[in-house]
Amino acid sequence: MFKRFRQYRPFIDAGIQGSMAWRLDFLLFRLGDILGAVVTYFLWRAIFDASKHASLNNFTLPEMSLYVFLSFYVGTFTHSHSNDDVGDDVKSGTIAMRLLKPISFSATYLFEEIGRKLVQVFMMTVPILGGILLFQVFHAQSVPFNLINVCLFFISCLMGYLLNFYFNLCFGFSAFVLKNLWGAELMKNSIVNFMSGTLIPLTFFPDIISRILSFSPFASLIYTPVTIYLGRYTLAVALELIALQVFWVLFFYALSKLVWRVSIKHLTVQGG
Amino acid sequence: MKKFLRLEVIFIKQYLKQLIEYKSDFFVGIIGMFLTQGLEILFISIIFNQIPSLNGWTFKQVAFIYGFSLIPKGIDHLFFDNLWAVGQRLVWKGEFDKYMTRPLNPLFHVLVEHFQVDAFGELIIGISLLTLNISVVQWDWLKVCVFIVAIPFATLIYTSLKIIAASMAFWSKRAGSIMYVFYMINDFSKYPLSIYNKGIRALITFVLPFAFTAFYPANYLITGQNFAFHIGGLLVMSILLFCLALKIWDKGISVYESAGS
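Conventions adopted
- Residues numbered from 1 in each chain as written.
- Chains lettered and ligands numbered in written order.
- Predicted model: local features only at pLDDT ≥ 70, side-chain atom pairs only at ≥ 80, totals over all residues.
- Heavy atoms only, no water.
- Helix = DSSP H or I, 4+ residues; strand = E, 2+ residues; numbered from the N terminus.
- Rg over C-alpha atoms; globule rule 2.2 N^0.38 Å.
- Contact = heavy atoms within 4.5 Å.
- Areas by Shrake-Rupley, 256 points an atom, 1.4 Å probe, with all protein chains shown as cover.
- Lys, Arg positive; Asp, Glu negative; His and termini not counted.
- Charge placed at Lys NZ, Arg CZ, Asp CG, Glu CD.
- Buried < 20%, exposed > 50% of the residue type's maximum accessible area, 1.4 Å probe, protein only.
- pLDDT = per-residue confidence, 0-100.
- Salt bridge = Lys/Arg side-chain N within 4 Å of Asp/Glu carboxyl O.
- Buried area = accessible area lost by both parts, 1.4 Å probe.
- Polar contact = N/O pair within 3.5 Å; in protein donor to acceptor, adjacent residues only side chain to side chain.
- Nonpolar A, V, L, I, M, F, W, Y, C, P; charged D, E, K, R; others polar.
- Phe/Tyr/Trp six-rings, centres within 6.5 Å; stacked < 30°, edge-to-face > 60°.
- Axes fitted to C-alpha atoms, helices over the stretch in contact; angles between N-to-C directions.
- Parallel < 35°, antiparallel > 145°, perpendicular 65-115°, else oblique.
- Left-handed = near helix turned anticlockwise from the far one by under 90°.
- Core = buried A, V, L, I, M, F, W, Y, C linked by side-chain atoms within 4.5 Å.

Caption draft 1: Focus on the overall build of chain B. Along chain B, the regular secondary structure elements total 12 helices and 0 strands. For a compact globule of 261 residues, the expected C-alpha radius of gyration is about 18 Å, and chain B comes in at 19 Å, within 12% of that figure. Along the first, second and third principal axes, the C-alpha set of chain B runs to 60 × 40 × 35 Å. Sequence separation of at least 24 residues holds for 79% of the intrachain contacts in chain B that already meet a minimum separation of 6. Roughly 11,800 Å² of accessible area belongs to chain B as shown, and the carbon and sulfur atoms make up 68% of that amount. If you average the places of the 21 positive and of the 15 negative side-chain charges in chain B, the two averages end up 4 Å apart.

So, in structure tokens, the structure goes:
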């Protein structure tokens with residue numbers, strides 16, 4: 001096990017170096033993303049102002065504010081680039097070099113991205129999670145800090161990331177068949193944003209839909225970690241939800257193997 | 001002028017040929033844009049189930065403002081999307097040389113070279129929202145004229161800001177991230193401005209005047225108030241910004257150095 005991990009160590013290092021080189025770019029992109037969260041925050045503030053009730057679908061304004069910024073943080077944490085990485089390699093033909101190496105093809109992408117993630121999550125955690133903790137100090141009654149929930153939150157984020165990685169990998173393998181992925185990616189992102197709870201908490205949907213969605217892999221990406229942090233569940237329920245996440249990780253892991261078998265037959269390396 | 005129009009037609013023809021070759025990509029792109037905006041409207045309508053009005057604006061008015069914001073954005077996206085390529089890779093990879101060596105203004109060439117049909121997704125949603133909520137405006141001839149004039153000037157604000165952001169690539173080689181930050185700030189303009197605090201309102205009115213691309217002109221159409229600021233401001237801001245953009249672009253071109261290989 002340890003020896004196998006050593007084989008992938010260079011990929012982690014490459015990922016770290018790569019993201020260090022572009023760290024300013026990364027920060028600017030996240031600044032752009034957070035502006036989207038700021039718009040949503042102000043919108044919610046106006047909505048709570050306009051509403052006669054102090055809480056909407058079980059969310060108070062402080063909870064909703066935390067929800068908006070936490071789902072932004074979780075979105076960055078679980079974001080995976082694997083579909084683009086595969087797509088780029090297919091387009092440029094460099095995928096041939098990866099296929100020649102006597103190690104797991106998809107694991108090379110995973111470890112390279114974990115390297116990048118280490119740097120990025122570190123850069124994000126200090127300002128965003130710091131801000132969230134500070135907010136909790138000022139609103140101690142509404143969302144009390146709970147260490148167990150924070151630990152479960154990080155485990156849940158990690159599962160969300162792995163799920164997203166294999167989900168995107170399935171998607172990226174379709175680049176072997178389709179050549180241009182930009183539009184398909186846009187389509188995928190907007191659907192995922194809606195169903196994962198990034199745009200609006202799932203409890204705002206009609207009861208049946210929100211129940212179905214909460215079992216879907218999309219909820220596992222954003223909604224599950226965020227609501228665990230907010231302390232919405234008892235310990236037993238939270239563990240069940242994490243188990244559901246693990247199930248979805250395994251499911252998409254298996255699916256990515258299957259899609260790979262089919263799509264590899266369609267691979268044509270153009271130039272190189 | 002005639003020469004420029006003829007060239008524009010040639011470029012669009014070229015582009016349409018490409019489209020025919022990648023038909024499925026074309027539809028997937030439009031549907032993607034359509035879904036992105038459509039789901040956000042769904043989000044707003046779910047929220048309006050809970051409240052009667054947002055800072056005094058009804059759902060129909062908010063939807064009208066939102067729809068208005070998509071028109072200049074969509075037009076800019078449709079015609080001038082190639083500026084992203086300048087910021088992201090043309091300068092960085094030295095491919096910008098191509099534009100410098102042709103007997104044509106480089107900015108004009110960059111702008112007309114590409115034609116981004118994905119924008120139809122935004123335009124379709126924008127036009128439908130405006131049509132469905134056309135009753136929120138008490139139309140008269142003046143307002144019809146204002147609407148027709150406001151759209152191109154609002155587009156000019158978008159395009160000018162995009163030119164400025166893309167020009168940064170002449171100094172820093174890559175400007176994709178700066179363009180992205182600029183672009184995300186326009187998100188503020190699709191809701192009534194009164195929901196934001198003073199700092200943000202000042203930012204999108206005077207520094208990056210995205211508020212003039214949607215909220216201010218739509219506000220005039222809906223309420224009929226403050227013509228001088230809402231519409232006059234739009235004209236002044238867009239022209240000033242365009243002059244500034246041309247200045248910065250020219251400065252950028254003068255420091256452009258090709259990349260190796």
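Caption draft 2: Representation of the overall build of chain A in the model. Of regular secondary structure, chain A possesses 12 helices and 2 strands. Put simply, chain A runs from its N terminus to its C terminus through helices and strands in the order α-α-β-β-α-α-α-α-α-α-α-α-α-α. Here the C-alpha atoms of chain A give a radius of gyration of 20 Å, agreeing with the 19 Å that 2.2 N^0.38 yields for 272 residues. For chain A, the spread of C-alpha atoms along the principal axes amounts to about 65 × 40 × 35 Å. Buried residues in chain A amount to 51% of all 272 residues. Counted over contacts in chain A with a minimum sequence separation of 6, partners at least 24 positions apart contribute 81%. With the model as given, the accessible surface of chain A reaches about 13,300 Å², and the carbon-plus-sulfur share is 69%.

Caption draft 3: Structural context of the confidence of the model for chain A. Looking at chain A as a whole, the pLDDT averages 84, with 94% of positions reaching at least 70. At the level of individual helices and strands, chain A shows its lowest average pLDDT in helix α4 (residues 82–92) of chain A, which scores 76, and its highest in helix α11 (residues 223–229) of chain A, which scores 92.

Caption draft 4: Layout of the pattern of salt bridges. Following the criterion strictly, the structure yields 11 salt bridges over all chains and no others. For R116 of chain A, the salt bridge is made with D85 of chain A, and the minimal N-O distance between the two is 3.0 Å. One end of the pair, R116 of chain A, is in helix α6 (residues 105–138); the other, D85 of chain A, is in helix α4, with 31 residues separating them in the sequence. Here the two residues R116 of chain A and D85 of chain A agree in accessibility, since each one is buried. As a salt-bridge pair, K162 of chain B and D76 of chain B come within 2.8 Å of each other at their nearest N and O atoms. One end of the pair, K162 of chain B, is in helix α8 (residues 141–172); the other, D76 of chain B, is in helix α3 (residues 59–80), and 86 residues separate them in sequence. In this structure K162 of chain B comes out as buried when scored by relative accessible area, which is 6%. Given the relative accessible area of 0%, D76 of chain B is considered buried. Ionic contacts of the salt-bridge type, sharing partners, join the residues D85, E113 and R116 of chain A into one network.

Caption draft 5: Spotlight on the interface of chain B and chain A. In this assembly, 36 residues from chain B lie in contact with 34 residues from chain A. With both sides pooled, the region where chain B packs onto chain A buries about 3,200 Å², and carbon together with sulfur makes up 78% of that total. On the chain B side of the contact with chain A, F43, Q50 and S177 of chain B bury the most area, a combined 17% of that side's loss. Taken together, chain B and chain A are joined by 0 salt bridges. Across the chain B-chain A interface, the total number found is 1 residue pair in polar contact (both at pLDDT 80 or more). Those elements giving two or more residues to the side of chain B that touches chain A turn out to be α2 (23–48) and α9 (176–185) of chain B. Partitioning the side of chain B that touches chain A into residue classes produces 22 nonpolar, 9 polar and 5 charged.

Caption draft 6: Region of the structure containing the packing of aromatic side chains. Tallied over the full model, the rule gives 44 aromatic pairs over all chains. When the centroid spacing of 5.5 Å and the interplanar angle of 75° are considered together, the rings of F42 of chain A and Y196 of chain B count as edge-to-face. Taken together, the positions of F42 of chain A in helix α2 (residues 23–50) and Y196 of chain B in the loop between α9 and α10 (198–207) put the pair across two chains. Across the pair, exposure class does not vary: F42 of chain A and Y196 of chain B are buried alike. Between the aromatic rings of F59 of chain A and Y67 of chain A, the centroid separation amounts to 5.5 Å while the plane-to-plane angle is 80°, which identifies the pairing as edge-to-face. Just as F59 of chain A is buried, Y67 of chain A falls in that class too. An aromatic cluster is built from F167, F218, F247, W248, F251 and F252 of chain A, whose rings are joined through pairwise contacts.

Caption draft 7: Representation of the environment of L54 of chain B in the model. Within the secondary structure layout, L54 of chain B lies in the loop between α2 and α3. On the accessibility criterion, L54 of chain B (2% relative accessible area) is buried. Discounting residues that sit within four places of it in the chain, L54 of chain B has contacts with L43, A46 and I47 of chain A together with F48, V62 and I195 of chain B.

Caption draft 8: Spotlight on the packing of helix α11 (residues 215–223) of chain B against helix α12 (residues 227–255) of chain B. Residues and elements named next belong to chain B. At their nearest, the axes of α11 and α12 sit 9 Å apart, and the two run at 140° to each other. Taken together, α11 and α12 sit at an angle that is classed as oblique. Two packed elements cross with a definite hand, and for α11 against α12 that hand is left-handed. Across the interface between the two elements, Y216, P217, N219 and Y220 from α11 touch F227, F229, H230, I231 and L234 from α12.

Caption draft 9: Broad picture of the side chain of H230 of chain B. All names here are of chain B. In this fold, H230 is placed in helix α12. Polar contacts involving the side chain of H230 include one to the main-chain carbonyl oxygen of Q225, which spans 3.0 Å. Apart from the residues within four sequence positions on either side, H230 is in contact with F212, Y216, P217, N219, Y220 and Q225.

Caption draft 10: Region of the structure containing the nonpolar core. If you look at the biggest cluster of nonpolar residues, it comprises 154 residues, and the most contacted ones within it are W44 of chain A together with F96, Y191 and W249 of chain B. Each residue touching Y191 of chain B, except ones within four places of it in the same chain, is listed here: V39 and L43 of chain A together with E40, F43, I44, V62, Y66, Y196 and F215 of chain B. One finds L19, L78, F115 and A119 of chain B within the second-largest nonpolar core, a separate group that totals 10 residues.

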